[in-house]
Amino acid sequence: MVTSLPPGTLRGRTLAVSVSQSSDLARLGLSDEHLRLTLGEITRLVLGAGGHLAYGGHLDPGGYTSALTAEAARQGRGDHPVLVCLAWPEHRRLPLSELRTRLDLGLVGRVVCLDPAGRETDPAAGRGEPAETVDPDVARASLTAMRRYMRAHTDGRLLVGGRRAGFQGELPGLLEEALLSLEPGDARPLYLAAGFGGVTVDIVRALGIDDCAWLPDDPDAVPDDPRLLTGLERLCARVKAPGLSNGLTLEENRSLAVSRSPAEVAELVALGLGRLAG
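**Observations regarding the overall build of the protein chain**
Okay, step 1: On a plain count of helices and strands, the protein chain comes out with ten helices and six strands.
Okay, step 2: For the protein chain, whose C-alpha radius of gyration is 18 Å, the value lies close to the compact-globule estimate of 19 Å for 278 residues.
Okay, step 3: For the protein chain, the spread of C-alpha atoms along the principal axes amounts to about 50 × 45 × 40 Å.
Okay, step 4: Counting all 278 residues of the protein chain, 53% fall into the buried class.
Okay, step 5: A sequence separation of at least 24 residues applies to 81% of the contacts in the protein chain between residues at least 6 apart.
Okay, step 6: About 11,800 Å² of surface is accessible on the protein chain, with carbon and sulfur atoms providing 52% of the total.
Okay, step 7: Between the centroid of the 30 positive side chains of the protein chain and the centroid of its 36 negative side chains there is a distance of 4 Å.

Take a look at the structure:
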């Protein structure tokens, strides 16, 4: 197993990372800290090999964006190796003065604010100081547009965890990102770390990578959101075989899918990225 890649191996490559809350963590004997450790390990390996990372989220203190940028700062890169993408509702919900303060990531990275169509925009345009509320339909469309922007500006994506319910978009966010990554005729490398549960488990099952029988039953489970089921049907129709074009063999993808070790997850993703980099 690779523990690091030679410097420069991933120069010019950007990996989108999707780390989101998983309702399965407690049943697996895990905590949110395992997700943060995984994010840290991925950051260390990708940035150490000269690559860049992209994350679509928010700028709230204590969130995954903060964890990512803190680890990136420890790597000492001064070339803005982290791209943070803010969908329209994420930057409009903050008072303008507070947003301006949070937008400055220094040498660690840069933040792009997107309009409802997913185009880069001046976050101060057309607004005053107060926070704004975005219409729910506009918010949903904006999240899809942000994910399309990220797909166009990255070379692959890693999924970890993910909500099955209570999501804001048309589909669970990580499921929509999987669909975008695997668009016919222009598929992008996709890495599925399902060992932490969440909707990534459902994606792994749907693609036939692993049956995920290791995930304990949830005695408090509620019926699946119809949008989740519809998204999984679309995914199955789109991908006829579990080939993810990610530089890993089927067995390695299965190992990635079942691992609960942050270090092993990061090493397998680095292995696939390194092979694709040639």
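Next comes the rest of the account.
**A short note on the side chain of Arg-164**
Okay, step 1: One can find Arg-164 in the loop between strand 5 (157-161) and helix 6 (173-181).
Okay, step 2: Judged by relative accessible area, Arg-164 falls into the buried class, the value being 18%.
Okay, step 3: Among the polar contacts made by the side chain of Arg-164, one reaches the side chain of Asp-24 at a distance of 3.0 Å.
Okay, step 4: There is a polar contact of 3.0 Å between the side chain of Arg-164 and the backbone oxygen of Gly-198.
Okay, step 5: When neighbours within four sequence positions are excluded, Arg-164 is seen to be in contact with Ser-23, Asp-24, Pro-172, Gly-198, Val-199, Val-201, Asp-202, Leu-215, Asp-225 and Leu-228.

**Here's the deal with the pattern of salt bridges**
Okay, step 1: Tallied over the entire structure, the rule returns 26 salt bridges.
Okay, step 2: Of the charged contacts in the structure, one is a salt bridge between Glu-71 and Arg-74, with a shortest N-O distance of 2.9 Å. You can see Glu-71 and its partner Arg-74 sitting in helix 2 (residues 64-75), three residues apart, about one turn around the helix.
Okay, step 3: The exposed category is assigned to Arg-74, whose relative accessible area is 59%.
Okay, step 4: For the salt bridge of Asp-79 with Arg-77, the shortest nitrogen-to-oxygen distance reads 2.9 Å.
Okay, step 5: Given the relative accessible area of 17%, Arg-77 is considered buried.
Okay, step 6: Through salt bridges that share partners, Asp-60, Glu-90, Arg-93, Glu-98 and Arg-102 make up one connected network.

**Brief notes about helix 9 (residues 250-258)**
Okay, step 1: Residues of helix 9 that are buried: Glu-252, Asn-253, Leu-256 and Ala-257. Down the axis of helix 9, the buried side of the element spans an arc of 145°, and every buried residue falls inside it.
Okay, step 2: Tucked inside the fold, the buried residues of helix 9 contact strand 6 (190-193), helix 7 (199-206) and helix 10 (262-277).

**What to know about the confidence of the model for the protein chain**
Okay, step 1: Of the residues in the protein chain, 97% reach a pLDDT of 70 or more, and the chain-wide mean stands at 93.
Okay, step 2: The least confident element of the protein chain is helix 8 (residues 226-238), whose mean pLDDT is 90; the most confident is strand 3 (residues 82-86), at 98.

**A look at the pairing of strand 4 (residues 109-113)**
Okay, step 1: Taken across its five residues, strand 4 has four buried, putting it largely inside the fold.
Okay, step 2: Where strand 3 and strand 4 come together, five bridges link them in parallel fashion. Paired with Cys-85 across the strands is Val-112, a residue of strand 4.

So, how was this worked out
- Along each chain, residue indices are assigned from 1 in the same order as the chain's sequence is written.
- Residues qualify for local features only when their pLDDT is at least 70, as the model is predicted, and side-chain atom pairs are given and counted only at 80 or more; totals for whole chains, interfaces and linings, by contrast, use all residues.
- Note: side-chain values were computed over all heavy atoms of the structure, leaving out hydrogens and water.
- Here a helix means four or more residues in a row that DSSP labels H or I, a strand means two or more in a row labelled E, and each is numbered from the N terminus.
- We compute the radius of gyration over the C-alpha atoms and compare it with the globule rule, which gives 2.2 Å times the number of residues raised to the power 0.38.
- Remark: exposure states derive from per-residue accessible area (1.4 Å probe, protein chains only) relative to the maximum for the residue type, with buried under 20%, exposed over 50%, and partly exposed in between.
- The contact definition used throughout considers only heavy atoms, calling two residues in contact when any of these lie within 4.5 Å.
- Note on areas: Shrake-Rupley, 1.4 Å probe, and residue coverage restricted to the protein chains presented here.
- Residues scored as positive are Lys and Arg, those scored as negative are Asp and Glu, and His as well as the terminal groups of each chain are ignored.
- Positions of charges follow a simple convention, taking NZ of Lys, CZ of Arg, CG of Asp or CD of Glu.
- Throughout this description, a polar contact denotes any pair of N or O atoms lying within 3.5 Å of each other; where both atoms belong to protein, one of them has to be capable of donating a hydrogen while the other can accept it, and for residues adjacent in sequence the pair is counted only when both atoms sit in side chains.
- The term salt bridge refers to a pairing of a side-chain nitrogen on Lys or Arg with a carboxyl oxygen on Asp or Glu at a separation within 4 Å.
- Taking the helix axis as origin, the arc is that swept by the directions to the C-beta atoms.
- Each residue gets a pLDDT score, which is the predictor's confidence in that residue and runs from 0 to 100.
- Here, strands pair whenever DSSP counts at least two bridges between them.

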